[in-house]
Amino acid sequence: MGDLGTEERATMEVFEKVSPSVVYITNKRLQRDFFSLTVTEIPQGTGSGFLWDTNGHIVTNFHVIYKADEVAVRLHNGKTYDVVFVGADPDHDLAVLRINPTNLDIPPVMIGSSKDLRVGQKVLAIGNPFGLDSTLTTGIISALGRSIQSMSNRYIHDVIQTDAAINPGNSGGPLLDSFGRLIGVNTAIISPSGSYAGIGFAVPVDTINRIATQLINSGRVERPGLGISMVPDNIMERWGIEGVCILQVHKGSTAEVAGLKESVSRPGGKIELGDIIVSCAGSPVKNSSDLIKILDRYKVGDEIELVLFRDTKEMRVKLKLQAVN
């Protein structure tokens, strides 16, 4: 291979190893002609995905398959496969599909970890930008701990920011470390034109691992929560109070079992505030977004400790997380 450097060789090896596991996804909708009533397939968009395991499961972005009447998956070998929809989590912009794994003979992407990532670390993105198959771009991790808004208007936290070129069609493709391990799924770009402008985002693999496992096992995601509703943040800001104030404790919830106190409206319009959560699982809570971000790292059944204020008294309460909608 001539006088290629060690880093170049390593990058080429990663691409050659992983690219067969990256798939090309076409989203189609069915449209009926008004006069002839003939149903026609209309291409809706394209994206990427990758083989998650040896059972034919494919992970991609939810927005890649959104509103699709039919999804086609083409592999590196040129074969097109019928797809079974397994499940989706719009809140994290993730979806799982499945193809028949018989005689597939393609290894899944190696699963890494996003826990110990560092800014400046080299990354590689493989996908199908603008419909161009098996495209490799490289860059670094530009920032960690970003938050972006999903299609459901819920925030995805702890997102990876990268300067590796990500364009339309890269969505759902893998973001890899220099060893070829999956560290994220490319999901969004910031660009006035909709094309690469130096800022791309990837959902971290630790989040993907948790979500994909639930979707594969049950077809749905159990959201961990406390069983409470919260006073809106804008009202808390108006009152000059930092933390999350409990508006209502749901009946039969773990919050009720733990004895958490909800807000009460007294005669004359006076409001008696409920417990104000200021810390969760050892991390400070300044608003509802902080609390949701912390809970999102855990799963249903995990025990966490809350620090809260009841009137002026600080209290510590332990409770198990429950499934919430």
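Rules behind the numbers
Residues numbered from 1 in each chain as written. Predicted model: local features only at pLDDT ≥ 70, side-chain atom pairs only at ≥ 80, totals over all residues. Heavy atoms only, no water. Helix = DSSP H or I, 4+ residues; strand = E, 2+ residues; numbered from the N terminus. Buried < 20%, exposed > 50% of the residue type's maximum accessible area, 1.4 Å probe, protein only. Contact = heavy atoms within 4.5 Å. Areas by Shrake-Rupley, 256 points an atom, 1.4 Å probe, with all protein chains shown as cover. Pairing = 2+ DSSP bridges. Salt bridge = Lys/Arg side-chain N within 4 Å of Asp/Glu carboxyl O. Phe/Tyr/Trp six-rings, centres within 6.5 Å; stacked < 30°, edge-to-face > 60°. Core = buried A, V, L, I, M, F, W, Y, C linked by side-chain atoms within 4.5 Å.

Draft legend 1. Up close: the overall build of the chain. Within the chain, the secondary structure is distributed over six helices and 23 strands. Put simply, the chain has 325 residues, and 44% of those count as buried. Nonlocal contacts in the chain, meaning residues at least 24 apart in sequence, comprise 59% of its contacts between residues at least 6 apart. Carbon and sulfur atoms form 50% of the exposed surface of the chain, whose accessible area is close to 16400 Å².

Draft legend 2. Looking closely at the pairing of strand β3 (residues 57-60). Burial along β3 is two-sided: the residues His 57 and Val 59 and Ile 58 and Thr 60 are all buried. Where β3 lies against strand β7 (residues 94-98), four bridges are found, and the strand directions are antiparallel. Bridge pairing in β7 links Val 59 to Val 96.

Draft legend 3. Layout of the pairing of strand β22 (residues 313-320). Note that strand β21 (residues 303-310) and β22 share eight bridges and pair antiparallel. Note that in β22 the partner of Leu 306 across the bridge is Val 317. If you look at the hairpin formed by β21 and β22, you'll find two residues sitting between the two strands, and Asp 311 has a positive phi there, around 60 degrees.

Draft legend 4. Fine view of the pattern of salt bridges. The full count for this structure, using the stated rule, is twelve salt bridges. The salt bridge partner of Glu 305 is Arg 316, with a shortest N-O separation of 3.3 Å. Separated by eleven residues along the polypeptide, Glu 305 in strand β21 and Arg 316 in strand β22 bring together distant segments of the chain. Classification of Arg 316 as exposed rests on a relative accessible area of 55%. Among the ionic contacts, a cluster of salt bridges with common partners joins Asp 89, Asp 91 and Arg 223.

Draft legend 5. Structural view of the environment of Ile 99. The residue Ile 99 is located in the loop between β7 and β8 (122-127) in this model. In this structure Ile 99 comes out as buried when scored by relative accessible area, which is 1%. In this structure the C-alpha to C-alpha distance between Ile 99 and Asp 82, which are 17 residues apart in sequence, comes to 6.3 Å. The residues touching Ile 99, leaving out its near neighbours within four places in the chain, are Leu 51, Asn 55, Gly 56, Ile 58, Val 73, Leu 75, Tyr 81, Asp 82, Val 83 and Leu 104.

Draft legend 6. Layout of the packing of aromatic side chains. Per the counting criterion, the structure on display carries two aromatic pairs. Each ring, one from Phe 62 and one from Tyr 66, has its centre 5.5 Å from the other, and the planes form 55 degrees; the classification is tilted. Judged by its relative accessible area of 14%, Phe 62 is buried. Exposure remark for Tyr 66: the relative accessible area of 37% places this residue in the partly exposed category.

Draft legend 7. Region of interest: the nonpolar core. Formed by 26 residues in total, the largest nonpolar core has its most connected members in Val 18, Phe 50, Trp 52, Val 59, Leu 176 and Ile 208. Where this core is concerned, the elements lending two or more residues are α1 (6-18), β7, β8, β10 (155-162), β12 (182-189), β13 (200-204) and α3 (205-218). The element that contributes the greatest number of residues to this core is α3, accounting for five residues. Ignoring sequence-local partners within four residues, the contact set of Val 59 consists of Gly 49, Phe 50, Trp 52, Ala 95, Val 96, Gly 172, Val 185, Ile 208 and Ala 212. Counting residues in each nonpolar core, the second largest holds 19 residues, with Val 285, Leu 291, Ile 304 and Val 317 among its members.

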